[in-house]
Structures are given as structure tokens and as C-alpha cells.
Amino acid sequence: YGIKSYQCMEMTPSLACANKCVFCWRHHSNPVGKEWKWVTDEPQFILAQAQRMHKQMVKAMKGVPGVIPERLQEAQSRIRHCALSLVGEPIMYPFINEYLALLHSQHISSFLVTNAQFPEKIKHAGPVTQLYVSVDAATKDALKSIDRPLFKDFWQRMLTSLDHLKHKQQRTVYRLTLVKDFNVNEIADYARLVARGLPTFVEVKGVTFCGKSDGSSLTMENVPFHFEVVRFCERLCSYLSDDYEIACEHAHSCCVLIAKKDLKVDGVWHTHIDYDKFFALLESGQSFGYKDYMKRTPSWAVIGAQEQGFNPNETKFLKVRSSHSNAEKSMILQGKIDRAKQEIELEKQKEHDIAPQNNPYLIQKQESCQDCNCK
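Structure report, in brief. (Residues numbered from 1 in each chain as written. Predicted model: local features only at pLDDT ≥ 70, side-chain atom pairs only at ≥ 80, totals over all residues. Heavy atoms only, no water.)

Thoughts on the layout of surface pockets
Short version of the rule: A pocket, in this scheme, is an open set of points on a 1 Å grid over the protein atoms alone with protein on both sides within 12 Å along at least 5 of 7 lines, while a cavity is a set where a 1.4 Å probe fits but cannot get out; residues line either one if an atom lies within 4 Å of a point. Grid points are joined across faces, edges and corners, and a volume is the space filled by probe spheres set on the points. Only DSSP runs of H or I reaching four residues or more are called helices, and only runs of E reaching two or more are called strands; each is numbered from the N terminus. Amino acid classes used here: Ala, Val, Leu, Ile, Met, Phe, Trp, Tyr, Cys and Pro are nonpolar; Asp, Glu, Lys and Arg are charged; the rest, including Gly, are polar.
Within this model, the second largest pocket holds a volume of roughly 1400 Å³. For the second largest pocket, the lining is made up of 39 residues, of which Val223, Pro224, Phe225, His226 and Leu333 are closest to its centre. No other element matches helix H10 (residues 324–349), which puts 8 residues into the lining of the second largest pocket. Residue classes in the lining of the second largest pocket are distributed as 18 nonpolar, 7 polar and 14 charged.

Notes on the pattern of salt bridges
The cut-off we apply is this: By convention in these notes, a salt bridge is any Lys or Arg side-chain nitrogen within 4 Å of a carboxyl oxygen on Asp or Glu. Burial status follows relative accessibility: with a 1.4 Å probe on protein chains alone, a residue under 20% of its type maximum counts as buried, one over 50% as exposed, and anything between as partly exposed.
Taken as a whole and assessed by the stated rule, the structure comprises 15 salt bridges. Residue Glu351 pairs with Arg231 through a salt bridge whose shortest N-O separation is 2.4 Å. Taken together, the residues span a long stretch of sequence, with Glu351 in the loop between H10 and helix H11 (360–369) and Arg231 in helix H8 (residues 226–240) at a distance of 120 residues. Overall, the relative accessible area of 47% leaves Glu351 in the partly exposed class. Residue class for Arg231 comes out buried when judged on its relative accessible area of 7%.

Focus on the environment of Val207
Heads up, the condition is: By definition, residues are in contact when any of their heavy atoms lie within 4.5 Å.
Tracing the backbone through its elements, the reader meets Val207 in the loop between strand E6 (201–206) and H8. On the basis of relative accessibility, which here comes to 6%, the residue Val207 falls in the buried class. Along the backbone, Val207 and Phe225 are 18 residues apart, and their C-alpha atoms lie at a distance of 9.8 Å. Apart from the residues within four sequence positions on either side, Val207 is in contact with Phe23, Thr177, Leu178, Val179, Leu218, Asn222, Val223 and Pro224.

Thoughts on helix H3 (residues 96–105)
For H3, the full list of buried residues reads Ile96, Tyr99, Leu100, Leu102, Leu103 and His104. Looking at the buried positions of H3, the neighbouring elements they touch are strand E1 (8–11), helix H1 (43–59), strand E2 (81–84), strand E3 (109–114), helix H4 (119–123) and helix H9 (275–284).

Quick look at the packing of helix H7 (residues 187–197) against H11
Stated precisely, the cut-off is as follows: With axes taken as lines fitted to C-alpha atoms, and helix axes fitted only over the stretch in contact, angles between N-to-C directions fall between 0 and 180 degrees. Note on terminology: angles under 35 degrees are roughly parallel, angles over 145 are roughly antiparallel, angles of 65 to 115 are roughly perpendicular, and the others are oblique. In this scheme the crossing of two helices becomes right-handed for a clockwise turn of the near helix relative to the far one and left-handed for an anticlockwise turn of less than a right angle.
With their axes 8 Å apart at the nearest point, H7 and H11 run at an angle of 30° to one another. Relative to H11, H7 is oriented roughly parallel. As for how H7 packs across H11, the hand of that crossing is right-handed. Across the interface between the two elements, Ala188, Ala191, Arg192, Val194, Ala195 and Arg196 from H7 touch Pro360, Tyr361, Gln364, Lys365 and Ser368 from H11. Classifying every residue of the contact of H7 with H11 gives 6 nonpolar, 2 polar and 3 charged.

Right, here's the structure in full:
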């Protein structure tokens, strides 16, 4: 999205969450809850302390091998972006709109991630540079298994959250974290969910294994290869092709981006963000939408590019594996890759065209949009 990661502050105004997801990287050390019942700090205090601590962490990188001095200076001089996604459910914070406005007043862009368990909070959320909803499964049973939610009506809460997302004018994203053996097979059901919220993007990422934990049964076997994530997106887009297309990939992040076709202008993708334009539009007081602050995507980030999303101006470092044990591991890994690719080829042979009258995306879209003037 055109973010300089070294000028991005990741934080959260809420440690608590209403889910206990199996892939949570915090290993469930944070509190859980269905309502806000914690000490409430003022937005100004939270932002000031977050900035102070962020700059302390950046300062600690001075002298670390590989750190580029010019970028360290940039990171120390200004925070340009804020990812509200560190842990917990940021949208639970009672003054989340005030906090977002405070960020924007300092020309800090906002990337707010929510678990879709607080639909009214999503409905009443003010402008966000980019608003994410985690769609961790496509069916009620699968969502219960992978997110382990506290709310009994968790499924309806998610559906209502997606319905509210449809009416947001700025950039919206479905974030799908693929976990093999948990949530990778219900492609048609994912298509139905996309039709409910009509997000600007569907961001699909392979789960990151964060080590063994008493709170999760995940292993490396649950982590998909990047080509498996690409294949998942191809299958999903076979339903969404009227409105969406695969736009970008970051192979090193095991991530693929599906985007609305209207972000492809004269054959060129515009998935990045014009941050100066966003703030100018926000300060103008006029109504604006996601296309009003789009920016051209660099060629190396577009799907199919040789770089596979890695900026050619950067330097990639690869581990050198030379020992006998590592050679054995490499052989085992290659065997898994070969089998996964064979399964994909067999699956492709069984593919068939989807008739419009049988397309779950188009059916759901017609049902969801018949009484509204949505995007």
C-alpha cells in the first residue's frame, strides 16, 4: 500500500479481545472480554505514550548491523502510519473515533483491524485510511473452531459487521488468514461473504507459525506455501470475476491481494495510497471514496511480476543451508512442495465454468444489494 514500514507505529488502545484465535501470535496472554470494563485512558495520553515508546524502540536500533542510517533518521524524525492491530480488539476502545481523528490531525494514516464481533462499532466508525475486517472462516462451524469466540451469536455479529462495512466510503479490506486443515476449502462460502461487504480488497495471507503453545494445536503443517495461497485466490476469483481480480502478491510475506476492478485504470493497477491526498480530502470536509486517494502500483508488486512483490531497490538476504541435516530437511520440504503442486494440477483438471445462475457471489450480491444504493 506504499507504506514505509520503518515509519509505521504498530499499537493498540485495547489489550482485550472477544476471540481466542488458534493462530494468535500472543499465545493468549492478553485478557478477553465481551465488553469494555478496563481503566480508560484518554486518546491524547495513549498516542503520546505510544509515540514515545515507539521512538525509544527505533532509537535502540542504532548501531545494529544492517540498519541503514538514513532510514533510521527518517524513522526517528517522523511517524507516518499507525497500524492498530498489535493485539486485542482496537475497536473496543470507547474513544476509538477520537483516537483516529487525533492520528489524522497529525497526518498519521490509520490502518484499523477488527475481528468483526462489534458490528455497531464498525457502523459508527469515522473515516479510516484503511479499515480491515478479519474473515477467518467462511462458515459458522469453521469460525467457531478457528476463532473460538466468546459471543454466542458470533456468526450473526460477523455477518452484520460485513453488512455495515459495505456502506463505508473509504478503503475496506477483508483479511483472510489461511490455515491448512482449518479454513481453506469453503471457497463458495467465502464468495458469499465477499458479496455481503463488497470490500475494496481481499487480502489473503498464509498463517505464520509462532511456535508451540498450550493454547493452540497449530504446527508448520498448517502453514500453506505461497503458490497454494495464489491458487486459493484464483479459485475465489472464479466466483468474483465480475468485480474483482488478483492484483498483487508479496511472495516473501506469503500474501496475495485481490482488488476491485475499478482500481485498474487503463490496464494499470492503483492499489497504493496517496496519503497527502487522503489528508487533503479529509480536511476539506467533503465526501470522498476509496478511488479518490488511490495511487499507481509499482510494476514489481503486480501479480506475475518477476520480483513477486519484492522491491528491487532492496537487498534480500537468504539463509545458507549447508549441513547434512539441513540437506535432509530440504529434501523433505521439496517433497511436500511437489505433492502440493501435483494436487493443484489434479484439481485444475476437474475445474468447470460457473454459470451465473449458480454463482453464490452473484446470488448473494443480488440479495444483499436489492434494497440499498451501495458501492
